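# Survey of secondary and tertiary structure
Chain by chain, the residues:
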Amino acid sequence: MRACVVWLCFALLALSARPVAAAPEVVVLLHGLYRSPRSMRPLEAPVRYAGFRVVNLDYDSRSQSPETFVAALDAQLADCCADAPKLHFVTHSLGGIVTRAYVAAHRPANLGRVVMLAPPNHGSPLADVVAGSSVLRFLLGSTASRLGTDPTSFPNALPPADFELGVIAGTASRNPLGAFLIDGESDGTVPVASTRLDGMADFISVNEAHTYIMRSDEVAAQTVLFLRSGRFAHETP
């Protein structure tokens, strides 16, 4: 039922878009850890159809530090999007934490809305395991070890949201290791409770796993709804 409502709202919002002479608002897609822009491609067409210009950015999430990601993102956005009427973000996993750090350090004057898919806003127990093993840190890179649940971790050291933020969490845990290490509801990598962030404007959960949440049609529709209206579609009693 909710998926039908979402797509109806999506269609109405898309049809309400009117071509204008001014430049379109920009939506930046930012992938997660060990991924590439290819992982975010399923969202490109729905977001573009809704009237936005899409910029799907890349960064080296394995060998570089989060601080390097943020500096590189600042430079990329200065090149592509400084003159955009509004600059929105749609992120997956680590991409959401990088966006939080970027906004905290280089908040753009044209910042719009942000949709985070499965963000480890308060870290993940899986990253705690990496942090506790020198072998895993060597194999997986230092960034993975900085996404843990410790109060001093990369995500936990960042401020709460002071921008329009919508969070979409997954609840389909298909990762046996995640099911063993994570208490409570999760997407197999990030606990649902960890995705929430103080200051967020809206929150919704979907029956999707962490790795492929961006491939969901419902997620695409919910993402566009938030970008256009600042709210998700929720089931009514």
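As a starting point, this report considers the structure included with it. Being a predicted model, the structure only gives us computed values, none of them experimental. (Residues numbered from 1 in each chain as written. Predicted model: local features only at pLDDT ≥ 70, side-chain atom pairs only at ≥ 80, totals over all residues. Heavy atoms only, no water.)

## What about helix H10 (residues 217–229)?
Applicable threshold: In DSSP terms, a helix is any run of H or I states spanning at least four residues, a strand is any run of E spanning at least two, and both are numbered starting from the N terminus. A helix is expected to span 1.5 Å for every residue after the first. Only protein chains enter the accessibility calculation, which uses a 1.4 Å probe. A residue is then buried if its area is under 20% of the maximum for its type, exposed if over 50%, and partly exposed in between. By the criterion applied in these results, polar contacts are pairs of N or O atoms within 3.5 Å in which, for protein atoms, one can donate a hydrogen and the other can accept it, and in which residues neighboring in sequence qualify only through two side-chain atoms.
Given a rise of 1.5 Å per residue, 13 residues ought to cover 18 Å, and the 18 Å separating the end C-alpha atoms of H10 matches this to within 8%. When you tally the buried positions in H10, you get ten out of 13 residues, the bulk of the element. Listed as buried for H10 are Glu-218, Val-219, Ala-220, Ala-221, Gln-222, Thr-223, Val-224, Leu-225, Phe-226 and Leu-227. Two or three places before Glu-218, at the opening of H10, Ser-216 has a side-chain oxygen 3.2 Å from that residue's backbone nitrogen.

## Things to note about the layout of surface pockets
Heads up, the condition is: For cavity detection a 1 Å grid was placed over the protein atoms alone, and a set of points counts as a cavity when a 1.4 Å probe fits there but cannot get out; an open set counts as a pocket when protein lies on both sides within 12 Å along at least five of seven lines, with lining residues being those that have an atom within 4 Å of a point. Grid points are joined across faces, edges and corners, and a volume is the space filled by probe spheres set on the points. For this classification, Asp, Glu, Lys and Arg are treated as charged, while Ala, Val, Leu, Ile, Met, Phe, Trp, Tyr, Cys and Pro are nonpolar and the rest, including Gly, are polar.
Its volume calculated, the largest pocket comes out at about 560 Å³. Forming the boundary of the largest pocket are 26 residues, of which Leu-33, Tyr-34, Leu-126, Thr-189 and His-210 lie nearest the centre. Elements with a minimum of two residues in the lining of the largest pocket: helix H5 (125–131) and helix H8 (176–181). With four residues, the top contributor of residues to the lining of the largest pocket is H5. Of the residues that constitute the lining of the largest pocket, the class distribution is 15 nonpolar, eight polar and three charged.

## Some words on unusual backbone geometry
Of note, the phi angle at Ser-93 is positive, near 55°, even though the residue is not glycine. Following the sequence through the fold, Ser-93 ends up in the loop between strand S3 (87–92) and helix H4 (94–106). One non-glycine residue with positive phi stands out, namely Ala-118, at about 50°. Among the secondary structure elements, Ala-118 is positioned in the loop between strand S4 (111–117) and H5. With relative accessibility at 0%, the residue Ala-118 sits in the buried group.

## Things to note about the sheet that holds S3
Convention followed: Note on pairing: DSSP must find at least two bridges between two strands before they are called paired. Axis definition: a line fitted to C-alpha atoms, limited for helices to the stretch in contact. Angles are taken between N-to-C directions and run from 0 to 180 degrees. Contacts were defined at the residue level, with two residues in contact if any of their heavy atoms lie within 4.5 Å.
Reading across from one edge, S2-S1-S3-S4-S5-S6 is the order of the six strands in this open sheet, with parallel pairing throughout. Of all the strands in the sheet, just strand S2 (53–57) and strand S6 (202–206) have a single pairing partner and so form its edges. Strand-to-strand twist across the sheet, computed as the mean angle between neighbouring axes with direction ignored, equals 15°. In the sheet, S4 pairs with strand S5 (residues 164–170) via five bridges, with the strands oriented parallel. Considered in S5, the bridge of Arg-113 is made with Glu-164. Sitting on the sheet, helix H3 (residues 66–80) is in contact with strand S1 (26–30), S2 and S3, with an inclination near 150° to S2. Here H4 sits on the sheet and contacts S1, S3 and S4; the angle it forms with S3, its principal contact strand, is near 145°.

## Focus on the state of the cysteines
The test is simple: The disulfide criterion used throughout: a pair of cysteine sulfur atoms within 2.5 Å.
What the rule picks out here adds up to one disulfide. Across the disulfide, Cys-80 is cross-linked to Cys-81 (sulfur-sulfur distance 2.2 Å). The disulfide joining Cys-80 to Cys-81 has a torsion of about -85° about its S-S bond and is therefore left-handed. Using a relative accessible area of 26% as the deciding quantity, one classes Cys-80 as partly exposed.

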